[in-house]
Amino acid sequence: MDHQGAFRRAALERGIPGDEISSFSRHLRPSVGLSGGGGAPVGRMGGLPRLPVGMEWPSVGDIPLPLLLSVDCGALPGADGFDLPVDGTLLFFVHQERDHEDRSGRYARVVHVPDGTVTAVAEAPEPHCVREQFDVSARLGAELPLWLQEGDEDWHEFWEDLEWEDMSPFQQRLARYMERDLPHLDELRALAHDVWPSGAGVVLGGYVDDEVINGIAEQTLARREKAGEIPAIPIAKWYSHLEEEKHRLAGEWISLASEARAYEEYCTSFVIRHDDLAAARVDKALAVTRFEAP
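Residues numbered from 1 in each chain as written. Predicted model: local features only at pLDDT ≥ 70, side-chain atom pairs only at ≥ 80, totals over all residues. Heavy atoms only, no water.

J.: Explain the overall build of the protein chain here, please?
T.: When you go through the protein chain residue by residue, the secondary structure sums to 9 helices and 14 strands. By principal-axis analysis of the C-alpha atoms, the protein chain measures approximately 60 × 50 × 40 Å. Within the protein chain, residue pairs in contact and separated by at least 24 positions form 72% of the contacts whose partners lie at least 6 positions apart. For the protein chain, the computed accessible surface area is about 15,300 Å², with 49% contributed by carbon and sulfur atoms. A gap of 5 Å separates the mean positions of the 28 positive and 52 negative side-chain charges of the protein chain. (Helix = DSSP H or I, 4+ residues; strand = E, 2+ residues; numbered from the N terminus. Contact = heavy atoms within 4.5 Å. Areas by Shrake-Rupley, 256 points an atom, 1.4 Å probe, with all protein chains shown as cover. Lys, Arg positive; Asp, Glu negative; His and termini not counted. Charge placed at Lys NZ, Arg CZ, Asp CG, Glu CD.)

Right under this line is the structure:
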């Protein structure tokens, strides 16, 4: 199905100008939702991995990393702009409790096993590192950046309610853009949700979770300050600088795989820079595990 074409036709039928549809569509980032039950399987949650013959189970010292997810890249629906490997299997390993406590990223690993590699089902080093196994099917999706989303924090309405002089220069630029170029934003968001409904247990692609990109942005600004690349940021202006840095980094980073927040007590996001993913450097992925109280 031509989702982009269907979205554009539906928007044109509602009288939304083509230029505005194109402007909105530039912010849609392709994703693939994975869910259990129904549809042809494209991978599975948990279970035992097929590893290249001779490869040891990914571990940190004597601590094996459980397999969270395995995905057959060749079976996924094509998504323009999402540079997953075209074939082979992606394996996502993470020890969620330790990754949540440690924050260094060393308790997670992403492995790509290309097609044609001689593999064998790995023997589990310990029984507790094998999670419950079930197949997942795929559905093409698309995501918007936070500042264009509608939800608990509707940034569009938030900025409309702010006095102009209380906005940062960055907020003013986005507010001008939305007012000038996206006057039918509410309708376009609703149409996008109809064409690409949400609700998957795990999402490949799309935008990096706000909490994760916020942490990356804070570390990046602090590093640039310390290195003298930018002037020291006054405390009163830190938030506006952070917001602009998050906006910039959202174009540099992409979500590789992210569990839904309500999926389990621990949920992990794997994120990666666009250039690393395009070069198949999946070992450069960064994992962040959050704890969601039941």
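Continuing now.
J.: I keep staring at the environment of Arg248 and nothing clicks. Help me out?
T.: One can find Arg248 in helix α8 (residues 238-250). Expressed as a C-alpha distance, the spacing of Arg248 and Leu286, which sit 38 residues apart in the sequence, is 18 Å. Within the structure, the side chain of Arg248 is placed 3.3 Å from the side chain of Glu252, a separation counted as a polar contact. (Polar contact = N/O pair within 3.5 Å; in protein donor to acceptor, adjacent residues only side chain to side chain.)

J.: Looking at this model, I keep getting lost on the nonpolar core. Mind explaining?
T.: For soluble globular proteins, nonpolar side chains are generally found buried alongside one another. Within the largest apolar cluster, 27 residues are counted, with the highest numbers of intra-cluster contacts made by Leu34, Leu69, Phe92, Leu204 and Phe270. Those elements giving two or more residues to this core turn out to be β1 (29-36), β2 (41-45), β6 (67-72), β7 (89-94), β8 (108-113), β11 (202-205), β12 (253-259) and β13 (266-273). The contact partners of Leu204, leaving out residues within four places of it in the chain, are Ser31, Val32, Leu34, Leu69, Val71, Leu76, Phe82, Leu84, Ser255, Leu256 and Ala257. (Core = buried A, V, L, I, M, F, W, Y, C linked by side-chain atoms within 4.5 Å. Buried < 20%, exposed > 50% of the residue type's maximum accessible area, 1.4 Å probe, protein only.)

J.: How should the sheet that holds β11 be read in this particular structure?
T.: Taken together, the 10 strands give an open sheet; going across it, the order is β8-β7-β6-β2-β10-β1-β11-β12-β13-β14, and neighbouring strands pair in antiparallel fashion. The open sheet has two free edges, formed respectively by β8 and β14 (286-291), since each of these has just one partner strand. Averaged over neighbouring strand pairs, the angle between their axes works out to 25 degrees when direction is ignored. As defined by bridge partners, β1 adjoins strand β10 (residues 134-143) across 8 bridges and the pair is classed as antiparallel. Its bridge partner lying in β10, Arg29 is registered against Glu143. Taken strand by strand, helix α7 (residues 210-226) contacts β12, β13 and β14, and its axis lies near 125 degrees from that of β14. (Pairing = 2+ DSSP bridges. Axes fitted to C-alpha atoms, helices over the stretch in contact; angles between N-to-C directions.)

J.: Just checking my understanding: could you explain the side chain of Asp276 for this structure?
T.: Tracing the sequence through the fold places Asp276 in helix α9 (residues 274-278). When residues no more than four places from it in sequence are discounted, the contact partners of Asp276 are Arg281 and Lys284.

J.: Help me understand empty space enclosed by the protein in this model?
T.: Scanning the model with the defined rule gives 1 cavity of 30 Å³ or more in all. The computed volume of the largest cavity comes to approximately 30 Å³. Forming the boundary of the largest cavity are Leu68, Leu69, Phe92, Val202, Ala257, Ser258, Glu259, Thr268 and Phe270. Counting only elements with at least two residues in the lining of the largest cavity, the list comes to β6, β12 and β13. The residue makeup of the lining of the largest cavity, split by class, is 6 nonpolar, 2 polar and 1 charged. (1 Å grid on protein atoms, 1.4 Å probe; cavity = no way out; pocket = protein on both sides within 12 Å on 5 of 7 lines; lining within 4 Å. Points joined across faces, edges and corners; volume = space filled by probe spheres on them. Nonpolar A, V, L, I, M, F, W, Y, C, P; charged D, E, K, R; others polar.)

J.: Just checking my understanding: could you explain the pattern of salt bridges for this structure?
T.: If charged atoms from side chains of opposite charge come close, those side chains can pair. All chains considered together, the criterion is met by 13 salt bridges. Measuring nitrogen to oxygen at the nearest pair gives 2.5 Å for the salt bridge that ties Arg189 to Asp186. You can see Arg189 and its partner Asp186 sitting in helix α6 (residues 185-195), 3 residues apart, about one turn around the helix. Each member of the salt-bridge network shares a partner with another, and the members are Arg223, Arg224, Glu229, Glu245, Arg248, Glu252 and Arg273. (Salt bridge = Lys/Arg side-chain N within 4 Å of Asp/Glu carboxyl O.)

J.: Whenever I open this one, the environment of Phe24 confuses me. Can you help?
T.: Looking at the element boundaries, Phe24 is found in helix α2 (residues 18-25). A residue is classified by how much of its surface remains accessible, and Phe24, at 0% relative accessible area, is buried. Placed 157 residues apart in sequence, Phe24 and Asp181 show a C-alpha to C-alpha distance of 8.4 Å. Every residue in contact with Phe24, bar those within four places of it in the chain, is listed here: Phe7, Leu144, Leu182, Leu185, Leu188, Arg189 and Ala192.

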